[in-house]
Amino acid sequence: MLKKLILIPALTLSFMAFANVAVIVHPSNAAALSQDDINKIFTGRAKSFTDGKAAEPVNLAEAVAVRADFDQKALGRSSSQMKAYWSKLVFTGKGTPPKELASEQEVLDAVAKNPAAIGYVSSGAVTGSVKVALTLN
Amino acid sequence: MLKRKLLALTIAAVVSGASHAAIDINGFASIKGGMALSSDDSLYGYDDNFSFKNESLAALQVKSDLGDKLSVTAQLLGRGADDWEVKFEWAFLSYDLTDNLRVNAGRLRTPFYKYSDFRDVGYAYDWSRVPQSVYGLGFDNIEGASLYHTTTLGNFDSSLQFIVGSYDGDAAIGSAIADAQIENITGVAWELGQDGYSFRMAYLIGKTTFYVGQLDSPTGLYAQLSAFGLGALAKKMDIVDESSSFAGVGFNIDKNDWVVVSEITKAKVEDSFISDQESYYISVGHRFDTITPYVSFEKEDNKAKTEIYAGVPTASPIFAPVAGLVNSLESERNSINVGVRYDFHPSAAFKAQYTNADNKTANRKDSVVVVGVDLVF
């Protein structure tokens, strides 16, 4: 009985972890970020944080499930639409998409190391080495 | 053969010269097959034999970031219609003056239309091809420099581009191709966007010279007119350093999975027999997850400058050749397209499109169907 009770919150947690996307920055980054700011940074329309410091977005590869959630929740578009968006900029010399990393762990490492970095992982994957700037439900 | 060697050397130079720099290689391809739907029909290079070559293309783009805000981009593109001969579609260097201001110099795409920059990248739009009634000047690139400025104006994203340069190559003259030079091209294109809505305008001017053998050679029509004492008429017709202008406006709505796009353009070459060209299209589509069906309507209305031969008596022996030439550039054509895009893969889209073009001037209707896959890599 006790075991079952423990299981229920654990299940809820893991479901939440899948559904929520945590946008993460370096612990030293004090900038306030709205979803619109994040959208601008990840679509190349803003090159700096709201406090004026340069921003270096890191993306997740399409193979990672949370990528599709992020594209939908933060950018309001499907991953295919984002690819079409970037192909317009890439093949015209007007922009370069954010670097893509293969796993959430790589994003965590990259953000923990670089004060300018901004990335995202599923909420459950967040560690103490990064700061959550915004959680997208 | 020499061409290929040179190309290989150039690529090697681009790649090795930048050995310390970050190099991005991207590519895109369209593999399309299509045919006209009856033996009398012909449109966009298709006849009633199924062709995989006509509209297929593949391209590789190499971009090298040299650091300190300097980068160089080269795009190599081969079209099936040119027997896959690979050419430098673009080659330019970019320098970021600020985060919002970039200078590009080299061989660039001329920003006539909303989709000018990426008309070859089929993956970036829903249609099988950009609307030909509008995208029909017959040349896309110039050698020159552009200044590209992006900013936010209130809630709007603004991108403003100034461009200067010149063009030397082929251009469309009616349904024929002329050897063209367009000098002193100066233009501006401005796009404003907000939350799924965008508005664009472009205006370019230049000095146009077209050389057509049958007209401009020492035995051509103009020389004959001059010999008849009609040098003034020849001057009104010829295309030598003529003031030319292009104006375009367009809008785009992408909201609640509805996609509406429209552009209207007007092109003129003063003091020449080239007709004034007015064109527009409107396209409406709806995104159902991975499937986007659309319909579009296009109109091309090129008005012949009949006033050129208004003073020539019909009995005159020169009436027929002069009027014939001027009238040959009259063209009124309505086209309807129905098609679908299916995103079956993260990097590839399947597309099918039916087009029916009703040429009122030539009194003929032509239909064409094309299916294919557009991909980016």
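The rules behind each value
- One numbering rule holds for all chains: residues counted from 1, following each sequence as written.
- Written order decides the labels, with chains lettered from A and ligands numbered from 1.
- In keeping with the model being predicted, local features are shown solely for residues with a pLDDT of at least 70 and side-chain atom pairs are shown and tallied solely at 80 or more, while totals for entire chains, interfaces and linings include all residues.
- Only hydrogens and water are set aside; all other atoms, that is, all heavy atoms of the structure, feed into the side-chain values.
- Each helix is a run of DSSP H or I of at least 4 residues and each strand a run of E of at least 2, with the numbering of both proceeding from the N terminus.
- Residue contacts are counted whenever heavy atoms from the two residues lie within 4.5 Å of one another.
- Residue exposure ignores everything except the shown protein chains as possible cover, and the areas themselves are Shrake-Rupley values with a 1.4 Å probe.
- Salt bridges are counted wherever a side-chain nitrogen of Lys or Arg sits within 4 Å of a carboxyl oxygen of Asp or Glu.
- Polar contact is the term for a pair of N or O atoms within 3.5 Å; when the atoms are in protein, one must be able to donate a hydrogen and the other to accept it, and sequence-neighboring residues count only if both atoms are side-chain atoms.
- For this classification, Asp, Glu, Lys and Arg are treated as charged, while Ala, Val, Leu, Ile, Met, Phe, Trp, Tyr, Cys and Pro are nonpolar and the rest, including Gly, are polar.
- Exposed residues in this analysis have more than 50% of their type's maximum accessible area, buried residues have under 20%, and partly exposed residues fall in between, with area computed by a 1.4 Å probe over protein chains only.
- The quantity called pLDDT is the predictor's confidence in a given residue, expressed from 0 to 100.
- Between rings of Phe, Tyr and Trp, where Trp is taken as its six-membered ring, a pair exists when centres lie within 6.5 Å; planes separated by under 30 degrees are stacked, by over 60 edge-to-face, and by other angles tilted.
- Patches were defined on residues exceeding 30% relative accessible area and lacking a salt bridge, with like-charge contacts within 9 Å and nonpolar side-chain contacts (Val, Leu, Ile, Met, Phe, Trp, Tyr) within 5 Å.
- In summary, the charge assignment counts Lys and Arg as positive and Asp and Glu as negative, without counting His or the chain termini.
- Every charge is mapped to an atom, namely NZ of Lys, CZ of Arg, CG of Asp or CD of Glu.
- One fewer than the residue count of a helix, multiplied by 1.5 Å, yields its expected span.
- Here the nonpolar core consists of buried residues drawn from Ala, Val, Leu, Ile, Met, Phe, Trp, Tyr and Cys, with membership extended through side-chain atoms lying within 4.5 Å.
- Only strands joined by at least two bridges in the DSSP assignment are considered to pair.

1. Considering the overall build of chain A
Helix and strand content of chain A: five helices and five strands. Along chain A, helices and strands appear, N-terminal first, in the series α-β-α-β-α-α-β-α-β-β. Considering only intrachain contacts with a sequence separation of at least 6, the fraction spanning at least 24 residues in chain A is 70%. Total accessible area on chain A is roughly 6800 Å²; 62% of this is exposed by carbon and sulfur atoms.

2. Topic: the interface of chain A and chain B
Each side of the interface is counted separately: chain A has 17 residues, and chain B has 27 residues. Between Asp117 of chain B and Lys94 of chain A there is a salt bridge, and its shortest N-O distance comes to 2.4 Å. The tally of links between chain A and chain B comes to six residue pairs in polar contact (both at pLDDT 80 or more). Element by element, the count of residues in the side of chain A that touches chain B is highest for helix 4 (residues 79-90) of chain A, at seven residues. By residue class, the composition of the side of chain A that touches chain B is three nonpolar, seven polar and seven charged.

3. Some words on the pattern of salt bridges
If the charged atoms of two oppositely charged side chains come close together, the side chains can form a pair. Taken as a whole and assessed by the stated rule, the structure comprises 31 salt bridges over all chains. In this structure, Lys32 of chain B engages Asp374 of chain B in a salt bridge whose closest nitrogen and oxygen atoms are separated by 3.7 Å. Residue Lys32 of chain B is found in strand 1 (residues 22-36), and its partner Asp374 of chain B is found in strand 16 (residues 364-376); the two are separated by 342 residues along the sequence. The residues Lys32 of chain B and Asp374 of chain B share a single accessibility class, namely buried. For the salt bridge of Arg129 of chain B with Glu55 of chain B, the shortest nitrogen-to-oxygen distance reads 2.8 Å. Note that Arg129 of chain B is positioned in the loop between strand 5 (101-109) and strand 6 (141-153) and Glu55 of chain B in the loop between strand 1 and strand 2 (57-67), a separation of 74 residues in sequence. Residue classification places Arg129 of chain B among the buried positions, given a relative accessible area of 6%. Through salt bridges with shared partners, a single network forms among Glu62, Arg67, Asp71, Lys83 and Glu100 of chain A.

4. As for the confidence of the model for chain B
The predicted model of chain B averages 90 in pLDDT, with 94% of residues at 70 or higher. With pTM at 0.84, the complex prediction returns an ipTM value of 0.77.

5. Some words on the packing of aromatic side chains
Evaluated as defined, the whole model comprises 22 aromatic pairs over all chains. Between Phe91 of chain A and Phe28 of chain B, the aromatic rings sit 4.7 Å apart at their centres with planes inclined by 75 degrees, giving edge-to-face as the arrangement. A residue pair is termed interchain when its members come from two chains, as with Phe91 of chain A in the loop between helix 4 and strand 3 (99-101) and Phe28 of chain B in strand 1. For the pair formed by Phe91 of chain A and Phe28 of chain B, the shared burial category is buried. With 5.0 Å between their ring centres and 65 degrees between their planes, Tyr115 of chain B and Trp127 of chain B make a pair best called edge-to-face. Placement of Tyr115 of chain B in the loop between strand 5 and strand 6 and of Trp127 of chain B in the loop between strand 5 and strand 6 is noted, with a sequence separation of twelve residues between them.

6. Notes on the environment of Asn337 of chain B
All names here are of chain B. Positionally, Asn337 belongs in strand 14 (residues 331-345). Along the chain, Asn337 and Glu300 lie 37 residues apart, while their C-alpha atoms are 14 Å from each other. Those residues within four positions of Asn337 in sequence are excluded, and the remaining contacts are Tyr294, Val295, Ser296, Glu298, Gln353, Tyr354 and Thr355. A distance of 3.2 Å separates a polar atom in the side chain of Asn337 from a polar atom in the side chain of Gln353. In this structure the side chain of Asn337 is engaged in a polar contact, spanning 2.6 Å, whose partner is the side chain of Thr355.

7. Examining the confidence of the model for chain A
Here chain A averages 86 in pLDDT, while 86% of its residues score no lower than 70. Below a pLDDT of 50 lies the segment residues 4-17 of chain A, which in the model reaches three contacts outside its immediate sequence neighbourhood of four places, other chains included.

8. Examining a negative patch on the surface
All names here are of chain B. Together, Asp168, Asp170, Asp179, Glu183 and Asp241 make up a region of like negative charge exposed at the surface. Secondary-structure elements contributing two or more residues to the negative patch are strand 7 (156-173) and strand 8 (176-194). Structurally, Asp170 is set in strand 7.

9. With respect to helix 4 of chain A
Turn by turn, an α-helix covers 3.6 residues, leaving residues three or four places apart pointing in a common direction. Between its first and last C-alpha, helix 4 of chain A extends 16 Å over twelve residues, near the 16 Å set by a 1.5 Å rise per residue. Most of helix 4 of chain A is tucked away, with nine of its twelve residues classed as buried. Looking at helix 4 of chain A, one finds that the buried residues are Ser79, Ser80, Met82, Ala84, Tyr85, Trp86, Ser87, Leu89 and Val90 of chain A. If you follow the buried residues of helix 4 of chain A, they end up packed against helix 2 (35-42) and helix 3 (65-75) of chain A together with strand 1, strand 2, strand 14 and strand 16 of chain B.

10. Let's talk about the side chain of Ser56 of chain B
Residues and elements named next belong to chain B. Position of Ser56 relative to the elements: it lies in the loop between strand 1 and strand 2. A polar contact is formed between the side chain of Ser56 and the backbone nitrogen of Lys32, at a distance of 2.9 Å. Here Ser56 is in contact with Ser30, Ile31, Lys32, Gly78, Arg79, Gly80 and Trp84, once residues within four sequence places are set aside.

11. Examining the nonpolar core
Tyr115, Ile173, Met237 and Phe273 of chain B are the most contacted members of the largest nonpolar core, which has 68 residues in total. With sequence-adjacent residues up to four places away left out, Tyr115 of chain B is seen in contact with Tyr125, Trp127, Val130, Tyr135, Val261, Glu263 and Tyr281 of chain B. If you look at the next biggest cluster of nonpolar residues, it comprises 33 residues, including Phe42, Val64, Val107 and Val111 of chain A.

12. Points about the pairing of strand 1 (residues 21-25) of chain A
All names here are of chain A. Counting buried residues along strand 1, five of its five residues qualify, which places the element largely inside the surrounding structure. Relative to strand 5 (residues 131-136), strand 1 runs antiparallel, the two being bridged by five bridges. Opposite Val23, over in strand 5, you have Leu134 as the bridge partner. Where strand 1 lies against strand 4 (residues 117-122), five bridges are found, and the strand directions are antiparallel. For Val21, the partnering residue across the bridge sits in strand 4 and is Ser122.

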